[in-house]
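# Topology and contacts: notes
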Amino acid sequence: MLQSRLFMNLKGIGISFIPRYFFQINLNKIFNEILKYNTKELENIQTRVKYYNKINQFFTPAKKEKIGKFSFKKTSYTFDAYEISKYFKDGFLRDKDFNDIRHTFKNPTICKSRPLEDNNKNNILLKLNKNRHFCFLKDDINYENKKDIAIFRGAVYQEHRKNFFHSYFNKTFCDIGDTSKQPNQWKKSFLSKKEQMKYKFIISLEGNDVASNLKWAMNSNSLVLAPKMTCETWFMEGSLKPN
């Protein structure tokens, strides 16, 4: 469920003031609890870990930033990463990039996203910016009772979104609108996630990296329509199969 930015910041700041020692002494207990899972659950965890982190050899981080260092920049990313890093020794090193990523790194780097290509192993995925990307709502409307057209609302800055709007804005089988602050011929009013769930088809278009609406839309009773994806996150977009 989406939480307010104020609550997210207060919670993150509060946790950051708790000495990391109290989290670190529980790390072995957490691992021991995981080892009690059944074989299928452990195999599933292993599969996901290997998916997010494709590196199998030792390496030395290039920037050598200590994970115990806490920054109040990019707070949603920082707080999400801290939920994991707080359990490990302060002196451990990492490289990170808390931005929308469409390129591959030269060195192993913790990040939110990576391009869907063969040489993307240096982009190590972590579940970041959760408050925006991993917001799931309950859909109480059956598919057959929804409006029989496709819906899209979002900011139209990127060229691929502009091309989509040039082709489909006036079509009767869809209701698409630009909700950004820039003036153009595509402007339409904002629609909440709940309002968009009233439609049978939800269009999902990538933004700076992945489409931010993909997760909640796939959790709805609507059918998601999306072009071939070029980026992925912790949601494992690269494992989705067409049709």
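One can find the structure itself at the top, above this paragraph.
Below: a short report on this structure. (Residues numbered from 1 in each chain as written. Predicted model: local features only at pLDDT ≥ 70, side-chain atom pairs only at ≥ 80, totals over all residues. Heavy atoms only, no water.)

### So, the pattern of salt bridges
Opposite charge on two side chains lets them pair, provided their charged atoms get close. Inclusion rule: The rule for a salt bridge is simple: a side-chain nitrogen of Lys or Arg has to be within 4 Å of a carboxyl oxygen of Asp or Glu. Strands here are runs of E lasting at least two residues and helices are runs of H or I lasting at least four, both read from the DSSP assignment and numbered beginning at the N terminus. Under the scheme applied here, a residue whose accessible area is under 20% of the maximum for its type counts as buried, over 50% as exposed, and between as partly exposed, the area being computed with a 1.4 Å probe on protein chains only.
Scanning all chains against the criterion turns up 15 salt bridges. Note that Glu65 and Arg94 form a salt bridge whose closest N and O atoms lie 3.2 Å from each other. One end of the pair, Glu65, is in strand 1 (residues 65–66); the other, Arg94, is in strand 2 (residues 93–94), with 29 residues separating them in the sequence. Assessed through its relative accessible area of 18%, Glu65 is described here as buried. Classification of Arg94 as buried rests on a relative accessible area of 11%. Between Asp175 and Arg153 there is a salt bridge; the shortest N-O distance is 3.1 Å. A residue pair is termed long-range when its members are at least 10 positions apart, and Asp175 in strand 8 (residues 174–178) and Arg153 in strand 7 (residues 147–154) qualify at 22 residues. Assigned by exposure class, Asp175 and Arg153 land together as buried. Among the charged side chains, a salt-bridge network with shared partners connects Glu65, Arg94 and Lys96.

### Notes on the environment of Ile13
Quick note on the threshold: Only heavy atoms matter for contacts: two residues are in contact if any of them lie within 4.5 Å across the pair.
With respect to the helices and strands, Ile13 occurs in helix 1 (residues 5–16). Judged by relative accessible area, Ile13 falls into the partly exposed class, the value being 30%. Not counting the four nearest positions on each side in its chain, Ile13 is found in contact with Phe72 and Phe79.

### As for the sheet that holds strand 9 (residues 199–203)
Here is the rule: Should DSSP find at least two bridges between two strands, the strands are taken to pair. Axes here refer to lines fitted to C-alpha atoms; in helices the fit is confined to the stretch in contact. Angles between the N-to-C directions go from 0 to 180 degrees.
Pairing is parallel across the open sheet formed by 4 strands, whose spatial order is 8-7-9-10. Across the chains shown, the open sheet's two edge strands, defined by having one partner strand only, are strand 8 and strand 10 (223–225). With strand direction ignored, the average angle separating the axes of adjacent strands in the sheet is 25°. With 5 bridges connecting them, strand 7 and strand 8 associate as parallel partners. Residue pairing across strands places Ile151 opposite Asp175, the latter belonging to strand 8. Strands strand 7, strand 8 and strand 9 of the sheet are contacted by helix 7 (residues 159–168), whose axis makes an angle of about 135° with strand 8.

### Focus: the layout of surface pockets
Sizing a probe to match a water molecule and rolling it over the atoms shows the empty space that remains. Defined as follows: Using a 1 Å grid laid over the protein atoms alone, points where a 1.4 Å probe fits but cannot get out form a cavity; open sets with protein on both sides within 12 Å along at least 5 of 7 lines form a pocket; any residue with an atom within 4 Å of a point counts as lining. Grid points are joined across faces, edges and corners, and a volume is the space filled by probe spheres set on the points. Asp, Glu, Lys and Arg are counted as charged, while Ala, Val, Leu, Ile, Met, Phe, Trp, Tyr, Cys and Pro are counted as nonpolar; the rest, among them Gly, fall into the polar class.
What the largest pocket holds in volume is close to 1,500 Å³. Every residue lining the largest pocket is counted, 39 residues in all, and those nearest its centre are Val49, Ile84, Phe88, Leu125 and Leu126. For the lining of the largest pocket, the elements supplying multiple residues, two or more each, are helix 3 (27–34), helix 4 (39–52), helix 5 (75–85), strand 2, strand 4 (109–111) and strand 6 (123–125). Among the elements that make up the lining of the largest pocket, the one with the highest residue count is helix 4 (7 residues). By residue class, the composition of the lining of the largest pocket is 26 nonpolar, 5 polar and 8 charged.

### With respect to the nonpolar core
Our working definition: As used here, the term nonpolar core means buried Ala, Val, Leu, Ile, Met, Phe, Trp, Tyr and Cys residues forming a set that is joined through side-chain atoms within 4.5 Å.
Ala150, Phe152, Val156, Phe164, Phe165, Phe169, Cys174, Ile176, Trp186, Phe201, Ile203 and Leu205 together form the largest nonpolar core, which totals 12 residues. Looking at this core, the elements that each hand over two or more residues are strand 7, helix 7, strand 8 and strand 9. With 9 residues, the next largest nonpolar core counts Leu191, Ile202, Trp216 and Ala217 among its residues.

### Overview of the pairing of strand 7
Put simply, the test is: Seen with the strands pointing away from the viewer, any crossover whose path from the first strand over the helix to the second strand runs clockwise is right-handed.
Here 3 bridges tie strand 7 to strand 9, and the two strands are oriented parallel to one another. The residue bridging Lys147 from the neighbouring strand is Tyr199, located in strand 9. One crossover worth recording links strand 7 to the parallel strand 8 by way of helix 7, and it is right-handed.

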